[in-house]
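Below, each chain spelled out in residue letters.
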Amino acid sequence: HKPTISWVFLALFLLPGVLHLIFQTSTNPWGVYRLSIYIIAVFVIFRMFQHSAPYMINSITWVALLGIIGNLYALIAMAQMFYFLPQDPNSIFAIWNHAIRFSGPFLQPNFSALFFDIVIVSLLIQGIRTSFQRVWFMLSILPIATVLASNSRSGILLLATVLLILWMQSIEKKKMFIYSTTTVIFSITLALYWNSLLQGNGQEIVLASRLAEGGFSARISLWYSVFHLFMEQPTLGIGYGNLAAHFAEAQAYTHQQHPLWTTFSSASYWVHNLVLHFFTEGGIIGGITILTMLYIIARKGWSILQQTNAINHPQFSSFMVVSLIVLHGMVSISFFQGFFLSLLSLYLAGLFPVQNSDTTSLPIKHRSLHILYMIPAIYAAIIFYQLVSTQISMDAVFDDNPDSPRFIEEVAKAIDNPWTARPGLEYLLANMELTHAPAYQWVNMYPYIFSSWQLSQDPAAFHRLILQAHLADNALSERYWSEFFLQAYPNNSAEKTLRHHINIGHHQHEALRMDML
C-alpha cells in the first residue's frame, strides 16, 4: 500500500540486470534490457491504477466488457477451428493462425485458456454478488466450453480450481452448486457437439485427454536443465533474457545425466516456472525478490479469504485474477507475455490500492521521478528507429558479395550493436533462406551464423551451422555440430537424416539442404 515499498521492489527486480551488465559479459545484453523494460512497464501500470483499479475492476461495466470480449474471442476460436476465417492466416491478423485446439486470437491454446479463465472467474463472481443473476452465468457458458475444447491442461485445472474456491467461499453453497453445475453441463455439451462436428475432418479432440500426457515430465526435464544453469552462476544468474543462449548446452547436459529423459526433450527457451526463471536469469537477488512478492500476495489473499463473506470483499476479484496468472506462470510462460503482464499490473493495483492520497500536490523533486515513466516509450522509439534503419541498410547490400567492404560495413553495424544484434541476424539469415542464397554466401557467412547460434541455440540455428560446415566441406565441424544437436534434441525428425549423413553420406558427396534437417 505504500509507494516507497513499490519503488524498493522495482529497484530489487532491476538490480540483477544492472549488475549483470556491469560485472559480467552478457551473451545477449538486449535480452537484459528488454526484460528490464517489461519490469518497469509493470511498475508504471501498477502505480497509475492504484487509485482507480479497485472501482473499475468491481464495476458492472468492466465485468460486462470482459464478458463481451471473452465471448467474441471464443467465437473467433470456433470460426478458426472450423475454417470459417480466410485460409491465409496473415490476411486478417498475423496471430490468427489456423492452429487446432481453439487457440483463437492468441499464439497458442494455453494463453487463450488462461484469458478465458480470467473472464469466467470475473463473470461468476459478478453473478454471485448480484444474487445469482442468470445473465452472468449464461455469459460464461461459451468461454468455459472453449477452455474445455482447447484441451489446455493448465486451463482446465485452473478452471476446476476456480469453481471449487467459489463454491467454498459462497455463503449459499447449494445455490452456487446448482448454478455452476448447470453452467458447466451446458458448456460440456457444447464442447462435445463441437467435437462431434470435427470428427469428420480428422480433428477429433477427446476432452481433457491431454491431462494424461507427459507434459509435466517434459517440465521436470526442463527445470532440471535450468537449475543446473543456476548452480553454475547463482549470484547474478545467466542474465535476464539469456536462457536461449545457454539452453541447448544445458539440455545436452541433462540428457547425459538422465538418458531416459531424452523422450521429454524440448525446444523451449522459457523456464515455464516464474520462480525458477528469476533464480536462473536473475540469480539469488531476483529469486528472493519474486518469492517475497509472491509471499506478500499470498498473505493478502489469505486475509481476504478469512473474511465472513470473502466474495463481496472489494479485493477478492483482483486476488483471484492475480492468483490465476501466477499459478499459470508456475507451469507456463504467460507471466512473461506483455498481454498478461498488463492484466497482472492492473489487478495487482486492485489488490494493493492506494486511497485518500493527494498526488496533485507532489513536490517538484518527487515529480521529477516521473521521468521513469517515459523510459518504455524512449526505448520503443530508439529500437524502432534502429530496426527500421537496420533493415533499410541491409536491404541495400543484401545482393552484394559477403566479402565486399560495403556488405561487411553495413551488416556489422547491426550485428555489432548489442541492441539490434538478434533481430539483425534473424533478418539477414531469414532472407538468405527465403531467397535461397548461393552456397558461397553460406560459407562466407560463418561468423554471423555462429553469432546467431550464440544468441539462440534453437534447432534452426543448429541447422544453419551444420549446413555451413557441409557446404565448406568441413566434415569435422559438421560432425561436431550434428552430434551436439542430436544430444540437445534427440527426438528431432532430422535424427535419421543427420546420422546417415555424418556417418556415410558426406563422404559419398551426398547433398544436404535445410529442408532435410
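Residues numbered from 1 in each chain as written. Predicted model: local features only at pLDDT ≥ 70, side-chain atom pairs only at ≥ 80, totals over all residues. Heavy atoms only, no water.

## Here we look at the overall build of the protein chain
Argument step 1. A tally of regular secondary structure across the protein chain gives 23 helices and zero strands.
Argument step 2. Restricting to contacts in the protein chain with at least 6 residues of sequence separation, those with at least 24 account for 72%.
Argument step 3. Within the structure as shown, the protein chain displays about 24,100 Å² of accessible surface, and the carbon and sulfur contribution to it stands at 65%. (Helix = DSSP H or I, 4+ residues; strand = E, 2+ residues; numbered from the N terminus. Contact = heavy atoms within 4.5 Å. Areas by Shrake-Rupley, 256 points an atom, 1.4 Å probe, with all protein chains shown as cover.)

## Comments concerning the pattern of salt bridges
Argument step 1. Enumeration over the complete set of coordinates arrives at two salt bridges.
Argument step 2. A salt bridge links Arg 464 to Glu 433; its shortest N-O distance comes to 2.5 Å. One end of the pair, Arg 464, is in helix H21 (residues 459–471); the other, Glu 433, is in helix H18 (residues 421–434), with 31 residues separating them in the sequence.
Argument step 3. The exposure class assigned to Arg 464 is buried, which follows from its relative accessible area of 10%. (Salt bridge = Lys/Arg side-chain N within 4 Å of Asp/Glu carboxyl O. Buried < 20%, exposed > 50% of the residue type's maximum accessible area, 1.4 Å probe, protein only.)

## Points about the side chain of Gln 337
Argument step 1. Locating Gln 337 in the fold gives a position in the loop between helix H13 (316–329) and helix H14 (338–351).
Argument step 2. In this structure Gln 337 touches Phe 111 and Trp 270, once residues within four positions along its chain are discounted.

## Re helix H5 (residues 109–129)
Argument step 1. Counted at 1.5 Å a residue, the expected span for H5 with its 21 residues is 30 Å, and the 30 Å between its end C-alpha atoms agrees.
Argument step 2. Burial of H5 is extensive: 20 of the 21 residues sit out of reach of the surface.
Argument step 3. The backbone nitrogen of Asn 110 has a side-chain oxygen 2.7 Å away, supplied by the residue at the start of H5, namely Gln 108.
Argument step 4. Looking one or two residues beyond H5, the residue adopting positive phi is Ser 131, at roughly 55 degrees. (Expected span 1.5 Å × (residues − 1). Polar contact = N/O pair within 3.5 Å; in protein donor to acceptor, adjacent residues only side chain to side chain.)

## Some words on unusual backbone geometry
Argument step 1. Here the phi dihedral of Phe 132 falls at roughly 60 degrees; this positive angle occurs in a residue that is not glycine.
Argument step 2. With respect to the element layout, Phe 132 can be found in the loop between H5 and helix H6 (134–139).
Argument step 3. By relative accessible area, which is 4% here, Phe 132 ends up buried.
Argument step 4. Residue His 272 is not a glycine yet carries a positive backbone phi of 65 degrees.
Argument step 5. Within the secondary structure, His 272 is located in the loop between helix H11 (243–257) and helix H12 (274–305).

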